[in-house]
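# Chains, contacts and geometry: an overview
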Amino acid sequence: MNTDSFWELIEECQELAHGRGERLAWLRGELSQRPLTEIVQFQVCLDQVTHAAFTWDLWAAADRVLGGWCSEDGFCYFGLWMVELGRDSFSHAVADPDSLADAPEVQRLEGGALERAGTTTGLRGRASTTSH
């Protein structure tokens, strides 16, 4: 499995399963039918993809999305949640954490508060991304 096939699997999961529990069950079932080497490659891809999201600016965005405080563990889970959004949303968020404000999933979490608040949320106009 390479990065492209990893994202194809994530996107197939999005299309065929709805809700977090159903998606996890689908993904477990799908991976359980694959050779062990492919399961390991999936985990390696997941680790590589989420590592790309470990930036201070994304952590600051997670703080905003999660209500003002995000622990290290919480940020790891946030990165996994971003993977669940799909390749396009994930890539946009890594390149520009402010783009999360436009993600429908974030707007639903916030009850549309980000959209109503506009630039006062702090998710717009942040400094350049620095890895940590």
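All figures in this text were calculated on a predicted structure; none of them were measured in a lab. (Residues numbered from 1 in each chain as written. Predicted model: local features only at pLDDT ≥ 70, side-chain atom pairs only at ≥ 80, totals over all residues. Heavy atoms only, no water.)

To continue, consider the state of the cysteines. A full pass over the atoms with the stated rule returns zero disulfides. Left without a disulfide partner, Cys-70 is nearest to the cysteine sulfur of Cys-76, which lies 8.8 Å away. (Disulfide = S-S within 2.5 Å.)

Bringing a negative patch on the surface into the picture now. A cluster of acidic residues, Glu-8, Glu-11, Glu-12, Glu-15 and Asp-88, forms a negative patch on the protein surface. Checked against the element boundaries, Glu-8 lands in helix α1 (residues 3-16). Exposure remark for Glu-8: the relative accessible area of 52% places this residue in the exposed category. (Patch = residues over 30% accessible without salt bridge, like charges linked within 9 Å, V, L, I, M, F, W, Y side chains within 5 Å. Areas by Shrake-Rupley, 256 points an atom, 1.4 Å probe, with all protein chains shown as cover. Salt bridge = Lys/Arg side-chain N within 4 Å of Asp/Glu carboxyl O. Lys, Arg positive; Asp, Glu negative; His and termini not counted. Charge placed at Lys NZ, Arg CZ, Asp CG, Glu CD. Helix = DSSP H or I, 4+ residues; strand = E, 2+ residues; numbered from the N terminus. Buried < 20%, exposed > 50% of the residue type's maximum accessible area, 1.4 Å probe, protein only.)

Here we come to the side chain of Thr-55. Position of Thr-55 among the secondary structure elements: in the loop between α3 (36-52) and α4 (56-65). A residue is classified by how much of its surface remains accessible, and Thr-55, at 3% relative accessible area, is buried.

This brings us to the pattern of salt bridges. Tallied over the full model, the rule gives five salt bridges. Residue Glu-84 is joined to Arg-20 by a salt bridge in which the shortest nitrogen-to-oxygen separation is 2.7 Å. Remark: Arg-20 occurs in helix α2 (residues 20-32) and Glu-84 occurs in helix α5 (residues 72-84); sequence separation between them is 64 residues. Arg-23 is the partner of Glu-84 in a salt bridge, and the nearest nitrogen-oxygen pair spans 3.1 Å. Taken as a pair, Glu-84 in helix α5 and Arg-23 in helix α2 lie far apart in primary sequence, 61 residues in all.

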